[in-house]
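Okay, here's what each chain looks like letter by letter:
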Amino acid sequence: MKKIILLLLILCVTPCFATLPQKYVKDTYGEKAVFFDEDIEEELHDDKISSRSQIYFYNSTNHDISFEFHEIKTKLGNVTSDKIFPIKGREMEITIKANEYFDSRATNGDIEHFLFVFKDKIYKIYAYTDKLDIQKSDKFSIIFEFADE
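Residues numbered from 1 in each chain as written. Predicted model: local features only at pLDDT ≥ 70, side-chain atom pairs only at ≥ 80, totals over all residues. Heavy atoms only, no water.

## As for the overall build of the protein
When its secondary structure is counted, the protein shows 2 helices and 9 strands. Reading the protein from its N terminus to its C terminus gives the helix and strand order α-α-β-β-β-β-β-β-β-β-β. Relative to its 149 residues, the protein shows a buried fraction of 34%. (Helix = DSSP H or I, 4+ residues; strand = E, 2+ residues; numbered from the N terminus. Buried < 20%, exposed > 50% of the residue type's maximum accessible area, 1.4 Å probe, protein only.)

In structure tokens, the structure reads:
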């Protein structure tokens, strides 16, 4: 019984002292980053995406956009790692030309939390899913569209 009470106490107190991803991003990157929580149902529908959903980026602005794409991992609500996610062999800055797509060759299942860290200024990001018909099986891609505020 004592072990159960101790475990419940730890589970209740731990989130109070945890560095939550939103706070971590704000403290670390300030206004240069956009964080997507793992609960992104408002932007993406869970019944449409899977761990094999490919991620694409689209720049709808009239100028090039440079950013880093990070994966943030957590344990019990606490940030445990923040690393640049390699895309097509790139581990540093990614640049998308104006009005162009960028094929990331990354899948949704590889990433726990999405984080975009911009070089110059912050951009608005819209997220979409797009159905791809491949060999009679349903596959979906995730498209992140960058736009000016």
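More follows now that the structure is in view.
## Re the pairing of strand β6 (residues 101-107)
The two faces of β6 differ: Phe102, Ser104 and Ala106 on one face are buried, but Tyr101, Asp103, Arg105 and Thr107 on the other face are not. In terms of strand pairing, strand β2 (residues 54-59) meets β6 through 4 bridges, oriented antiparallel. Note on β6: the bridge partner recorded for Gln54 is Thr107. (Pairing = 2+ DSSP bridges.)

## Details of the environment of Ile125
Here Ile125 shows up in strand β8 (residues 124-134). C-alpha separation for the pair Ile125 and Phe146, spaced 21 residues apart in sequence, amounts to 4.7 Å. Contacts of Ile125, omitting those with residues within four sequence positions, involve Val34, Phe36, Phe116, Phe118, Phe144, Glu145 and Phe146. (Contact = heavy atoms within 4.5 Å.)

## Notes on the pattern of salt bridges
Within this structure, the stated rule accounts for 3 salt bridges. Between Lys119 and Glu93 there is a salt bridge, with the nearest N and O atoms lying 4.0 Å from each other. Here Lys119, found in the loop between β7 (114-118) and β8, pairs with Glu93, found in the loop between β4 (78-84) and β5 (94-96); they are 26 residues apart in sequence, far enough to count as distant. For Glu93, a relative accessible area of 38% corresponds to the partly exposed category. (Salt bridge = Lys/Arg side-chain N within 4 Å of Asp/Glu carboxyl O.)

## Quick look at the confidence of the model for the protein
Mean pLDDT over the protein works out to 79, with 74% of the residues at or above the 70 mark. Confidence scores differ between elements of the protein, with helix α1 (residues 2-17) showing the lowest mean pLDDT of 60 and β7 the highest of 91. (pLDDT = per-residue confidence, 0-100.)

## A look at helix α2 (residues 21-29)
Among all positions in α2, only Pro21, Tyr24 and Val25 are buried. What you see down the axis of α2 is that its buried residues fit within an arc of 95 degrees, all on one side. Exposed residues on α2 whose side chains face more than 90 degrees from its buried face are Lys26 and Asp27. On the buried face of α2, the contacting elements are β1 (33-36), β3 (65-75), β4 and β7. Positioned one or two residues after α2, Gly30 has a phi angle of 60 degrees, which is positive. (Arc of directions from axis to C-beta.)

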